[in-house]
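Fold and geometry: a report
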Amino acid sequence: MAIENVQQAMRMIRTSLVDLYPTGEVEAFIRLIFEELCGYSTTQLLLNRDAMLSVETVARIEDIVERLLRHEPIQYILGSAYFGDLRMEVGSGVLIPRPETAEIVQRIIDMQGNVKGRVADLCTGSGCIAISLAKAWKDAVVEGWDISSEALAYARRNGSAHGVDIEWRECDVLGYKSSGEPRYEVMVSNPPYIMERERVEMADNVLRYEPHTALFVADDKPLLFYEAIADIAMSELFPGGVLYFEINRSMGHACCEMLCRKGFAEVEVFKDFLEADRMVRCVKV
C-alpha cells in the first residue's frame, strides 16, 4: 500500500521493525523521525496523523527504516543525539552520548557549584561533557581533549552550535607528557572502559557502527586509561582539585583502590539511575 499520510507511515515503521526492536524503542524511533523530518512534537504527532506527506519525506522515512533494519543507530541516521536537553551532532567516528553520562554530568555540576578556574574533559568525543560544563560554569575556562581529529571536528561544531568557547586539543592521554605545573580545578573523563570479553553482551548497533577505539580496552588492562588520566590529574590539578570518572560498573572497587594508591583522597563511588556503580570522585591533596 502506498504511503500518503503520517498515520500510514507510522504503521509502516511499526510493521517493519516489530520483529527487531522492542515496542517502546520503535515508538521512540517514530517520535524522533517525525521530529526531525516534520518538526512535530509528541503532541503535534498525535494531532497530525492525517497530515499528508511529500514524496520526498516518504522516501526519507523508507530510507531510515532500511538503515534501522541493518541495525544502524538512529542517532547516526538522523545525525544528532540528545544529551540532557542539549542536541549534539553525531555521526560515524564519534561515540553516541548516553543518558547515564548526562546524569553524571548533572551530578558533577550540582556537587561542584560554580567553578571559575580551568577545567579539562579528557576523551571528550562529541564534546557533550565539555559543552555542558561550559554552559553551567560560565566563568570557567573549559578544555576538551581527544586523540581523534574526527571526533574533535564534531566537538567543535557542537561547541559553536551551543555558543560556548572551549579550547579543543588533539591529545593522546596515554602518551601525554605532563608539564608538572598545576593548572586545573576540575578534570572529568569518560574514557574507553568496556573490556573485550564484554563484546558478547553488546548490541549489534554498537558493535557494527560505533568507534571501537572509544569503547574497548584489553581484558588484562581494564584501567589503562584511568591510570594514565589519574597521573595527569595528580600532576596538573591544583591541591584540592577534583577528578571525576565515568566507570565500568564492574570496576568501581578496583578504580578506587588505584586512585588511593596514587595518593588521591576522598575517593568515592556513585551509582547511576540503574543502581550500577557509574562515577568515581576523588580529590588531589
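Data block above holds the structure.
Worth saying up front: this structure is predicted, and the values here are computed from it rather than measured.

A word on helix α1 (residues 6–17)
Under the 1.5 Å per step criterion, the end-to-end length of α1 is 17 Å for 12 residues, consistent within 8% with the ideal 16 Å. Considered for burial, the residues of α1 that qualify are Val6, Gln8, Ala9, Met10, Met12, Ile13 and Leu17. Of the surrounding secondary structure, the elements contacted by the buried residues of α1 are α2 (23–38), α3 (42–47) and α4 (55–69). Where α1 starts, the residue carrying a side-chain oxygen 3.2 Å from the main-chain nitrogen of Gln7 turns out to be Asn5.

Some words on the pattern of salt bridges
Within this structure, the stated rule accounts for 17 salt bridges. The shortest N-O distance in the salt bridge between Glu27 and Arg14 comes to 2.6 Å. Taken together, the residues Glu27 in helix α2 and Arg14 in helix α1 connect sequence positions 13 residues apart. A salt bridge links Asp231 to Lys262; the nearest nitrogen and oxygen atoms lie 2.8 Å apart. One end of the pair, Asp231, is in helix α10 (residues 224–236); the other, Lys262, is in the loop between α11 (252–261) and β10 (265–271), with 31 residues separating them in the sequence. Of the residues examined, Lys262 reaches a relative accessible area of 27% and is grouped as partly exposed. Linked through salt bridges whose partners overlap, the residues forming this network are Arg60, Asp63, Arg67 and Glu72.

Some thoughts on the packing of α1 against α4
Contact pair α1 / α4: the axes reach a minimum separation of 10 Å and the direction vectors enclose 15°. Between α1 and α4, the interaxial angle falls into the category roughly parallel. When you trace α1 past α4, the crossing you get is right-handed. Contacts between α1 and α4 pair Ala9, Met12, Ile13, Ser16 and Leu17 from the former with Ile61, Glu62, Val65, Leu68 and Leu69 from the latter. Looking at side-chain class alone, the contact of α1 with α4 contains eight nonpolar, one polar and one charged residues.

A look at the nonpolar core
One recurring pattern in soluble globular proteins: nonpolar side chains tend to sit buried together. One finds Trp145, Met187, Leu243, Phe245, Cys255 and Leu259 to be the most contacted residues of the largest nonpolar core, which totals 36 residues. When contributions to this core are tallied by element, the ones reaching two or more residues are β3 (118–122), β6 (184–189), β7 (194–195), β8 (216–217), α10, β9 (237–246), α11 and β11 (277–283). If you tally residues by element for this core, the top one is α10, at six residues. Of all hydrophobic cores here, the second largest spans 31 residues; its members include Ile129, Ala155, Val188 and Phe270.

Some words on the side chain of Glu72
Turning to its location among the elements, Glu72 is positioned in the loop between α4 and α5 (74–78). Once residues within four sequence positions are removed from consideration, Glu72 is found in contact with Arg67, Ile77 and Tyr209.

Notes on unusual backbone geometry
One non-glycine residue, His71, adopts positive backbone phi at about 70°. In this fold, His71 is placed in the loop between α4 and α5. Within the chain, Glu266 stands out as a residue other than glycine whose phi angle is a positive 55°. Inspection of the secondary structure puts Glu266 in strand β10.

Looking at the environment of Ala59
Positionally, Ala59 belongs in helix α4. Taking the relative accessible area as the measure of exposure, Ala59 reaches 39% and is therefore partly exposed. As for Ala59 and Gly125, which are separated by 66 residues in sequence, their C-alpha atoms are 32 Å apart.

Description of the packing of aromatic side chains
The description of an aromatic ring pair uses the distance of the two centres, along with the angle that the planes make with each other. Applying the stated rule across the entire model yields four aromatic pairs. Aromatic side chains Tyr21 and Phe29 sit 5.0 Å apart centroid to centroid with 85° between the ring planes, which places their arrangement in the edge-to-face category. Assessed through its relative accessible area of 10%, Tyr21 is described here as buried. With a centroid separation of 4.9 Å and an interplanar angle of 40°, the aromatic rings of Trp145 and Tyr176 are classed as tilted. One end of the pair, Trp145, is in strand β4 (residues 141–146); the other, Tyr176, is in the loop between β5 (166–170) and β6, with 31 residues separating them in the sequence.

Topic: the pairing of β10
Sheet topology note: the β10/β11 ladder contains five bridges and is antiparallel. Bridge pairing in β11 places Glu268 opposite Arg281. What sits between β10 and β11 in their antiparallel hairpin is a turn of five residues, with Glu275 showing a positive phi close to 65°.

About the criteria used
- Residues numbered from 1 in each chain as written.
- Predicted model: local features only at pLDDT ≥ 70, side-chain atom pairs only at ≥ 80, totals over all residues.
- Heavy atoms only, no water.
- Helix = DSSP H or I, 4+ residues; strand = E, 2+ residues; numbered from the N terminus.
- Expected span 1.5 Å × (residues − 1).
- Buried < 20%, exposed > 50% of the residue type's maximum accessible area, 1.4 Å probe, protein only.
- Contact = heavy atoms within 4.5 Å.
- Polar contact = N/O pair within 3.5 Å; in protein donor to acceptor, adjacent residues only side chain to side chain.
- Salt bridge = Lys/Arg side-chain N within 4 Å of Asp/Glu carboxyl O.
- Axes fitted to C-alpha atoms, helices over the stretch in contact; angles between N-to-C directions.
- Parallel < 35°, antiparallel > 145°, perpendicular 65-115°, else oblique.
- Left-handed = near helix turned anticlockwise from the far one by under 90°.
- Nonpolar A, V, L, I, M, F, W, Y, C, P; charged D, E, K, R; others polar.
- Core = buried A, V, L, I, M, F, W, Y, C linked by side-chain atoms within 4.5 Å.
- Phe/Tyr/Trp six-rings, centres within 6.5 Å; stacked < 30°, edge-to-face > 60°.
- Pairing = 2+ DSSP bridges.

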